[in-house]
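Okay, here's what each chain looks like letter by letter:
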Amino acid sequence: MGIRRAKETDYDKLVEVWYQASIKAHYFVKLDFWTSMKEEMKIKYLPMSTTYVIEEKNTIIGFVSMVDNYLAALFIDIKYQRKGYGKELLNFIKTQHNDLHLKVYQQNINTVLFYLKNGFVILRQLIDEDTDEKEYLMIWRNIYRDINKTRE
């Protein structure tokens, strides 16, 4: 298993991973919304972010996309979910940042629990403008780096 920076030639696969995982996790959002966002994901969102893929035997398993400290996307191919790949990607990103923030739909309970289990806290409730769904703004802060700074 390895993590590497995504290449533009990976984008078709990343969009497919994102699309299939989004349909599964966000069953409460109309399918038309996800279908309508596929092209924008490929030509706008992936290029504007710093994206890393996790792969095994040259097969892309999932990816994480960052825009500064904003965790814009973390998606795992539905065939490989619940096997630790998401946690691997999250831990990889945590080594590069002192703090992270993200938004997650409230109805996406498994993902909310995943982030809570991995040290995130809910900061506030929001409404997603595109879907009118309730979402949480969640944050994570590396408190150990803060403690080490005060010792210096």
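Above this text you will find the structure in question.
Everything numeric in this text was worked out from a predicted model, so none of it was measured.

Caption draft 1: Broad picture of the overall build of the protein. From N to C terminus, the protein includes 5 helices and 7 strands. Counting from the amino terminus, the protein carries its helices and strands in the arrangement β-α-α-β-β-β-α-β-α-β-β-α. Relative to the globule expectation of 15 Å for 152 residues, the C-alpha radius of gyration of the protein, 16 Å, shows essentially globular dimensions. Projected onto the principal axes, the alpha-carbon positions of the protein cover approximately 50 × 40 × 30 Å. When each of the 152 residues of the protein is scored for burial, the buried share is 41%. Pairs at least 24 apart in sequence give 58% of the contacts found in the protein among residues at least 6 apart. When the accessible surface of the protein is split by element, carbon and sulfur atoms take 49% of a total near 9200 Å². Positive and negative charge centroids in the protein, built from 23 and 21 side chains respectively, lie 7 Å apart.

Caption draft 2: Broad picture of the packing of aromatic side chains. Throughout the structure, instances matching the rule amount to 10 aromatic pairs. Note on Tyr115 and Phe120: the rings are 5.1 Å apart at their centroids and 70° apart in plane angle, and the pair reads as edge-to-face. Like Phe120, Tyr115 is buried. What links up through ring pairs into an aromatic cluster is the set Trp18, Tyr19, Phe33 and Trp34.

Caption draft 3: Main features of a positive patch on the surface. Together, Lys24, Arg82, Lys87 and Lys117 make up a region of like positive charge exposed at the surface. You can see Lys87 is positioned in helix α3 (residues 85-94).

Caption draft 4: Layout of the pairing of strand β7 (residues 134-141). Relative to β7, strand β5 (residues 99-105) runs antiparallel, the two being bridged by 7 bridges. Residue Val104 lies in a different strand from β7, and its bridge partner there is Tyr136. Taken together, the 6 bridges between strand β6 (residues 121-127) and β7 define a ladder with antiparallel strand orientation. For Ile122, the partnering residue across the bridge sits in β7 and is Met138. What sits between β6 and β7 in their antiparallel hairpin is a turn of 6 residues, with Asp132 showing a positive phi close to 60°.

Reading the values: the criteria
In this numbering scheme, every chain counts its residues from 1 along its sequence in written order. Residues qualify for local features only when their pLDDT is at least 70, as the model is predicted, and side-chain atom pairs are given and counted only at 80 or more; totals for whole chains, interfaces and linings, by contrast, use all residues. The side-chain numbers reported here are obtained from all heavy atoms of the structure, hydrogens and water having been left aside. Secondary structure elements are taken from DSSP: a helix is a run of H or I of four residues or more, a strand is a run of E of two residues or more, and numbering for both begins at the N terminus. As a reference, a globule follows 2.2 Å times the number of residues to the power 0.38, and the radius of gyration itself is taken over C-alpha atoms. Whether a residue is buried, partly exposed or exposed follows from its accessible area with a 1.4 Å probe, protein chains only, as a fraction of its type maximum: under 20%, in between, or over 50%, in that order. For this analysis, residues touch if any pair of their heavy atoms sits within 4.5 Å. Calculation of accessible area relied on Shrake-Rupley with a 1.4 Å probe; when residues are assessed, cover is drawn exclusively from the protein chains displayed. When charges are counted, Lys and Arg contribute as positive and Asp and Glu as negative, whereas His and the chain ends are disregarded. Every charge is mapped onto a representative atom, which is NZ of Lys, CZ of Arg, CG of Asp or CD of Glu. Between the rings of Phe, Tyr and Trp (Trp by its six-membered ring), a pair exists once the centres lie within 6.5 Å; its type follows the angle of the planes, with under 30 degrees stacked, over 60 edge-to-face, and the other angles tilted. A patch consists of residues whose relative accessible area exceeds 30% and which take part in no salt bridge; residues with like charges are grouped when within 9 Å of each other, and nonpolar side chains (Val, Leu, Ile, Met, Phe, Trp, Tyr) when within 5 Å. When a carboxyl oxygen of Asp or Glu is within 4 Å of a side-chain nitrogen of Lys or Arg, the pair counts as a salt bridge. By the convention used here, strands pair only if DSSP detects at least 2 bridges between them.

Everything listed is a geometric property; what it means functionally is a separate question.
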